[in-house]
Amino acid sequence: MVLLGTMMIPFPVVMVPIFGLFRHLGWIGSFKPLWVPTFFAGAFNVFLLRQFFLGIPKDISEAARIDGCSELQIFLRIILPLCKPALLVVALFQFMFAWNDFLGPLIYLTRQQHFTLALGLQSFQSQNGGTEWHYLMAASTLVVLPVIVLFFFTQRTFIEGIAATGGKN
């Protein structure tokens, strides 16, 4: 319940304390505040994977245990291949979140050379006072293109993972 409750706290509420923490660590102006938190699980991803793991029948693990598999072997040889679609969905969601993040890089990055593509589009739009829309739309298409290509390559696995985590069969 606490984990799901953290999903209801919007980022602007914790933005100042997190900024203070990263400033204390000396990470402001670097990519570390953008990279390091992504290695820790978000509440949505934990909940998604938990629901998927609850849907895997316990009979499979018990049969492997009877056959003499250790817990590590059960995880690596049975559970991990079964949860590949769910893990790829989590990876795709995490990539899309990091790729589309605007507020995080705006807060933590100080030099224009380190700006992400979203910040680059914003600075391009505001640099001349007037917007040259055709250039902005072309640049926006290039920024969105990797996400679209990634989705088309992972579309089958993505839909399998969403369907498998959506409910019990």
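As the structure is a computational prediction, the values presented were derived from the model and not from experiment.

Visitor: Lay out the overall build of the chain in plain terms, naming residues and giving numbers.
Guide: The helix and strand inventory of the chain stands at 11 helices and 0 strands. N-terminal to C-terminal, the α/β element order of the chain is α-α-α-α-α-α-α-α-α-α-α. For the chain, the C-alpha radius of gyration of 21 Å lies well beyond 15 Å, the compact-globule estimate for 169 residues. C-alpha extents for the chain along the principal axes are approximately 70 × 40 × 25 Å. Buried positions account for 21% of the 169 residues belonging to the chain. Considering only contacts within the chain whose residues lie at least 6 apart along the sequence, 64% involve residues at least 24 apart. For the chain, the exposed area adds up to about 11800 Å²; of that, 69% sits on carbon and sulfur atoms. Between the centroid of the 10 positive side chains of the chain and the centroid of its 7 negative side chains there is a distance of 7 Å.

Visitor: Lay out the environment of Pro81 in plain terms, naming residues and giving numbers.
Guide: Within the element layout of this structure, Pro81 appears in helix α6 (residues 71–82). Look at Pro81 and you get partly exposed, because its relative accessible area is 48%. In this structure, Pro81 is in contact with Phe75 and Leu76, ignoring residues within four places of it in sequence.

Visitor: How would you sum up the pattern of salt bridges? Please name residues and give values.
Guide: Taken as a whole and judged by the stated rule, the model has 1 salt bridge. Where Arg65 meets Glu71, a salt bridge forms, and the shortest distance between an N and an O atom there is 2.6 Å. Since its relative accessible area comes to 49%, Glu71 is described here as partly exposed.

Calculation notes
- Residues numbered from 1 in each chain as written.
- Predicted model: local features only at pLDDT ≥ 70, side-chain atom pairs only at ≥ 80, totals over all residues.
- Heavy atoms only, no water.
- Helix = DSSP H or I, 4+ residues; strand = E, 2+ residues; numbered from the N terminus.
- Rg over C-alpha atoms; globule rule 2.2 N^0.38 Å.
- Buried < 20%, exposed > 50% of the residue type's maximum accessible area, 1.4 Å probe, protein only.
- Contact = heavy atoms within 4.5 Å.
- Areas by Shrake-Rupley, 256 points an atom, 1.4 Å probe, with all protein chains shown as cover.
- Lys, Arg positive; Asp, Glu negative; His and termini not counted.
- Charge placed at Lys NZ, Arg CZ, Asp CG, Glu CD.
- Salt bridge = Lys/Arg side-chain N within 4 Å of Asp/Glu carboxyl O.

The values are spatial; any link to function lies outside them.
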